[in-house]
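Results of the structural survey
Below, each chain spelled out in residue letters.
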Amino acid sequence: MSGMHDDGLHDEVLDEDGWDDEEFDAGLLEEELRQAAAVLDPVPPELQQIAVDAYALHDLQARVAELTFDSLVDSLPVRGAGDTPRMLTFRAGEVTVDVEVTAHGLMGQVLPPQPARVEVLGGPRPGSSLTADDLGRFTAAAPPPGPFALRVRTGGDVVVTEWLRA
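Residues numbered from 1 in each chain as written. Predicted model: local features only at pLDDT ≥ 70, side-chain atom pairs only at ≥ 80, totals over all residues. Heavy atoms only, no water.

For the protein chain, the name recorded in an unreviewed UniProt entry is Carboxypeptidase regulatory-like domain-containing protein, with Streptomyces venetus as its organism.

Structure, rendered in structure tokens:
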């Protein structure tokens with residue numbers, strides 16, 4: 001015998017055994033929702049390309065270097081100082097990367113001092129490749145035009161910094 005609940009629903013509606021697996025297919029529902037989202041709220045092609053390129057840049061062997069200092073956040077502003085360089089420090093284990101970003105480019109140093117290959121990653125654009133000298137110093141003639149990260153290869157070590165805006 002079916003009864004009524006306080007909210008007016010019948011027991012049959014709430015009976016879990018009443019659902020037929022053939023009527024309710026979670027996979028089919030998910031696919032229909034994906035199709036509806038693709039039509040009603042499509043991912044912009046540029047964003048999809050950036051996501052694909054970011055995944056392609058993913059390096060499973062790389063250690064992520066943590067941002068430990070950012071002059072925009074960690075230092076006091078100086079009155080009247082215009083166009084001050086942005087100073088960044090990244091650390092991954094024993095490897096530290098100090099970077100100075102200005103309107104004229106970027107320069108940095110890998111510590112402990114050692115030769116390294118440094119790639120300036122910039123999303124969908126191909127990254128520029130720099131070479132750090134024996135003291136770990138590297139420079140780029142132009143600042144990154146948008147969000148960027150650095151991939152540093154020192155011997156067998158690969159370190160990738162967090163993504164930041166210049």
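Now, onward.
With respect to the pattern of salt bridges
Note the cut-off: For this analysis, a salt bridge means a side-chain nitrogen from Lys or Arg found within 4 Å of a carboxyl oxygen belonging to Asp or Glu. Strands here mean DSSP runs of E at least two residues long; helices mean DSSP runs of H or I at least four residues long; both are numbered from the N terminus. When accessible area is computed with a 1.4 Å probe and restricted to protein chains, residues below 20% of their type maximum are described as buried, those above 50% as exposed, and intermediate ones as partly exposed.
Evaluated as defined, the whole model comprises seven salt bridges. With a closest N to O distance of 2.8 Å, E30 and R34 form a salt bridge. With E30 and R34 both in helix 2 (residues 26–40) and four residues apart, the pair spans about one turn of that helix. Look at R34 and you get exposed, because its relative accessible area is 53%. R153 is paired through a salt bridge with E119; the nearest N and O atoms lie 3.4 Å apart. Taken together, the residues span a long stretch of sequence, with R153 in strand 8 (residues 147–154) and E119 in strand 5 (residues 116–122) at a distance of 34 residues. Overall, the relative accessible area of 14% leaves E119 in the buried class. Connected through shared salt-bridge partners, R117, E119, R151 and R153 make up one network.

Looking at the nonpolar core
What counts, and what does not: Nine residue types can take part in a nonpolar core, namely buried Ala, Val, Leu, Ile, Met, Phe, Trp, Tyr and Cys, and a core is a set of them joined through side-chain atoms within 4.5 Å. Working rule for contacts: check all heavy atoms of both residues, and any pair within 4.5 Å makes them a contact.
Within the largest apolar cluster, 22 residues are counted, with the highest numbers of intra-cluster contacts made by V97, V99, L106, F138 and L150. Looking at this core, the elements with two or more residues in it are strand 2 (86–92), strand 3 (95–102), strand 4 (105–111), strand 5, strand 6 (125–132), strand 7 (137–140) and strand 8. The biggest single contributor to this core is strand 3, with four residues. Once residues within four sequence positions are removed from consideration, L106 is found in contact with V99, E100, V101, V120, L130, F138, T139, A140, A142 and P144.

Some words on the pairing of strand 3
Two faces belong to every sheet, and in a regular strand the side chains alternate between them. To be explicit about the condition: In short, DSSP must find at least two bridges between two strands for them to pair.
As defined by bridge partners, strand 2 adjoins strand 3 across seven bridges and the pair is classed as antiparallel. When the bridges of strand 3 are listed, F90 appears paired with V97. Turn length for the strand 2-strand 3 hairpin, with the two strands adjacent in sequence and antiparallel, is two residues, and the turn residue G93 shows positive phi of about 65°. Here seven bridges tie strand 3 to strand 4, and the two strands are oriented antiparallel to one another. Bridge pairing in strand 4 places V101 opposite L106. Between strand 3 and the antiparallel strand that follows it, strand 4, lie two residues.

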